[in-house]
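The primary structure of each chain is shown beneath.
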Amino acid sequence: MNAPTPLETAALDALRTVSDPLTGQDWVGTRHLQSLTVDQGVARVAISLGYPARSQWSAYTALVEAALKGVPGITGVDVTWRTDIRTHAATRGQALLPGVKNILAVASGKGGVGKSTTAVNLALSLAAEGARVGMLDADIYGPSQPMMLGLSGKPESPDGKTINPPTNHGLQMMSMGLLVENQSATIWRGPMASQAFDQLLRLTNWGHADEPLDYLVVDLPPGTGDIHLSICQRSPLTAAVIVTTPQDIALLDAKKGLQMFEKVSVPVLGVVENMAVFCCPNCGHQEHIFGEDGGKRMAAEFNVPLLGSMPLNLKIRQQADSGQPTLVAEPDGELAGLYKAMARQAAALMSKLPKDYSSKLPGVTVQPKA
């Protein structure tokens, strides 16, 4: 590789002053800068982000242009972006799931706070930003993702053992709701439910040939009982997100959920505050029906980021019930923008977690003793 010219060296120094808006790190020092050349005054830059942020590329380009155009001798800037999502280390050194790079658990501790709706919209947001994403509905007793994603019917099994997950809105999805006929109640004891989840996780053919999922979003059931511990301890989770409402009762259970992940050494990326405020569609008056800043206080108490706050909005519920979640029904709307911002921040935080290098380790062979 040719040594950089003095002008290219100056350009590199200028680019080091630009911090990624979400990670706070510069792209040169973190080796996300793939190449930088200057030819006849035009700087050509290629940067590979470790998280999906397609909607932000133009804004990021403006940051690079502002830095490089201040370098004497550079008259133009051409920036290209790509997404390169790495595999991160799973908890407790567990073996990774075939076809999946990273597993993100979405939990609440308490039911009725909009966790499943948040999970599906976060998954759709990651996909909209340029990632390959799947959804696993881990609620064996009350699966809701088939309705939210407009999926029904039993999935195909190519060999009688594994399952091909159906796809809609660009997401692969697997749920007990697709396997139980007529939406019958699943009346199982904890060990059976835990085993059912394990089979859904490991017997589903996630991803495609040579194209693993960047993220598998797992919609956990409410609570912090035996099933949840089994999921956390037996699944190669990468990280978790906690969903709560500002209400004190919801926060009480959400804190238990966060502490559960801490005890099993699963990094918590942050807190999503749902139903934070109701804005009257007629007069615009805002009312904090479930309390104010509860999620913010919880995030500060546990020293994790508040990923964002979602309003109490009728559209979110209607769209999810119709099988057209917000990111599908109004992908360019204000609500979708809030979900995308939370997803980008969570993915950026995950990109800073330790990487998985197990695939790069040499295999071990046993030589017979001479």
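Quick look at the structure, then. (Residues numbered from 1 in each chain as written. Predicted model: local features only at pLDDT ≥ 70, side-chain atom pairs only at ≥ 80, totals over all residues. Heavy atoms only, no water.)

Next up on the list: the overall build of the protein. Counting its secondary structure elements, the protein contains 11 helices and 13 strands. Taken against the 2.2 N^0.38 rule, which gives 21 Å for 370 residues, the C-alpha radius of gyration of the protein at 22 Å falls within 12% of a compact globule. With the C-alpha coordinates of the protein rotated into their principal frame, the extents come out at 85 × 70 × 40 Å. Only carbon and sulfur atoms are counted for the fraction: they give 52% of the accessible area of the protein, which is about 17900 Å². One finds the centroid of the 30 positive side-chain charges in the protein at a distance of 6 Å from the centroid of its 33 negative side-chain charges. (Helix = DSSP H or I, 4+ residues; strand = E, 2+ residues; numbered from the N terminus. Rg over C-alpha atoms; globule rule 2.2 N^0.38 Å. Areas by Shrake-Rupley, 256 points an atom, 1.4 Å probe, with all protein chains shown as cover. Lys, Arg positive; Asp, Glu negative; His and termini not counted. Charge placed at Lys NZ, Arg CZ, Asp CG, Glu CD.)

It is worth spelling out the packing of helix H3 (residues 115-128) against helix H11 (residues 334-351) at this point. Where H3 contacts H11, the axes come no closer than 8 Å and their chain directions differ by 75°. Classified by the angle between their axes, H3 and H11 sit roughly perpendicular to one another. Judged by residue contacts, Thr 117, Thr 118, Asn 121, Leu 122, Ser 125, Leu 126 and Ala 128 of H3 engage Tyr 339, Lys 340, Met 342, Ala 343 and Ala 347 from H11. Here the contact of H3 with H11 is composed, by residue class, of 7 nonpolar, 4 polar and 1 charged. (Axes fitted to C-alpha atoms, helices over the stretch in contact; angles between N-to-C directions. Parallel < 35°, antiparallel > 145°, perpendicular 65-115°, else oblique. Contact = heavy atoms within 4.5 Å. Nonpolar A, V, L, I, M, F, W, Y, C, P; charged D, E, K, R; others polar.)

Using the criterion set out here, one finds 3 aromatic pairs in the structure. Judged by centre distance (5.8 Å) and plane angle (45°), the ring pair of Trp 27 and Tyr 60 falls under tilted. Of the two residues, Trp 27 is situated in the loop between helix H1 (6-15) and strand E1 (33-39) and Tyr 60 in helix H2 (residues 57-68); the sequence distance between them amounts to 33 residues. Trp 27 sits in the buried class, given a relative accessible area of 1%. Each member of the aromatic cluster is reached from another via a ring pair, and the members are Trp 27, Tyr 60 and Trp 81. (Phe/Tyr/Trp six-rings, centres within 6.5 Å; stacked < 30°, edge-to-face > 60°. Buried < 20%, exposed > 50% of the residue type's maximum accessible area, 1.4 Å probe, protein only.)

The sheet built from 3 strands is open, its strands ordered E1-E2-E3 with mixed pairing. At either margin of the open sheet sits one strand with a lone partner, and together these are E1 and strand E3 (76-83). Pairs of neighbouring strands in the sheet enclose a mean axial angle of 10°, with direction left out of account. Packing of H1 onto the sheet brings it into contact with E1 and strand E2 (42-49), and relative to E1 it is tilted by some 135°. (Pairing = 2+ DSSP bridges.)

Time to look at the sheet that holds strand E6 (residues 167-168). Pairing is mixed across the open sheet formed by 8 strands, whose spatial order is E6-E7-E5-E8-E4-E9-E10-E13. Taken across any chain shown, the strands that pair with only one partner, and hence form the sheet edges, are E6 and strand E13 (306-309). Pairing of E6 with strand E7 (residues 171-175), which is carried by 2 bridges, proceeds in the antiparallel orientation. The residue of E7 that forms the bridge with Asn 168 is Leu 171.

To continue, consider the environment of Arg 132. On the secondary structure map, Arg 132 appears in the loop between H3 and strand E5 (133-137). Each C-alpha atom, one on Arg 132 and one on Asp 214, is 5.1 Å from the other, the two residues being 82 residues apart in sequence. The residues touching Arg 132, leaving out its near neighbours within four places in the chain, are Lys 101, Glu 211, Pro 212, Leu 213, Asp 214 and Tyr 215.

Among the residues of H1, those classed as buried are Glu 8, Ala 11, Leu 12, Ala 14 and Leu 15. When H1 is viewed along its axis, its buried side chains cluster within an angular range of 160° and face the same direction. The secondary structure elements touched by the buried residues of H1 are E1, E2 and H2. (Arc of directions from axis to C-beta.)

All right, on to the nonpolar core then. Residues Val 45, Val 64, Leu 68 and Tyr 215 are the most contacted members of the largest nonpolar core, which totals 67 residues. Other than its neighbours up to four places away in sequence, Val 45 contacts Leu 15, Leu 33, Ser 35, Leu 36, Val 64, Leu 68, Asp 78, Val 79 and Thr 80. Core analysis: the second largest hydrophobic core is formed by 40 residues, Ala 107, Ala 138, Cys 232 and Met 298 among them. (Core = buried A, V, L, I, M, F, W, Y, C linked by side-chain atoms within 4.5 Å.)

The subject of this paragraph is the environment of Trp 206. Along the chain, Trp 206 falls in the loop between helix H5 (190-202) and strand E8 (213-219). Residues Trp 206 and Met 135 lie 71 residues apart in sequence; the distance between their C-alpha atoms is 9.7 Å. A polar side-chain atom of Trp 206 sits 3.0 Å from the main-chain carbonyl oxygen of Leu 201. (Polar contact = N/O pair within 3.5 Å; in protein donor to acceptor, adjacent residues only side chain to side chain.)

On to the side chain of Thr 118, then. Inspection of the secondary structure puts Thr 118 in helix H3. According to the relative accessible area criterion, Thr 118 is buried, its value standing at 0%. Dropping the residues within four chain positions of it, Thr 118 is found in contact with Val 243, Val 272, Asn 274 and Tyr 339.

At Arg 31, a residue that is not glycine, the phi angle is positive and equals roughly 65°. Locating Arg 31 in the fold gives a position in the loop between H1 and E1. Even without being a glycine, Gln 40 presents a positive backbone phi close to 55°. Tracing the sequence through the fold places Gln 40 in the loop between E1 and E2.

Counting across every chain of the model gives 12 salt bridges. The salt bridge partner of Arg 317 is Asp 321, with a shortest N-O separation of 3.2 Å. One end of the pair is Arg 317 and the other is Asp 321, both in helix H9 (residues 314-321) and 4 residues apart, which spans about a single turn. A relative accessible area of 46% places Arg 317 in the partly exposed class. Connected through shared salt-bridge partners, Lys 101, Arg 132 and Asp 214 make up one network. (Salt bridge = Lys/Arg side-chain N within 4 Å of Asp/Glu carboxyl O.)

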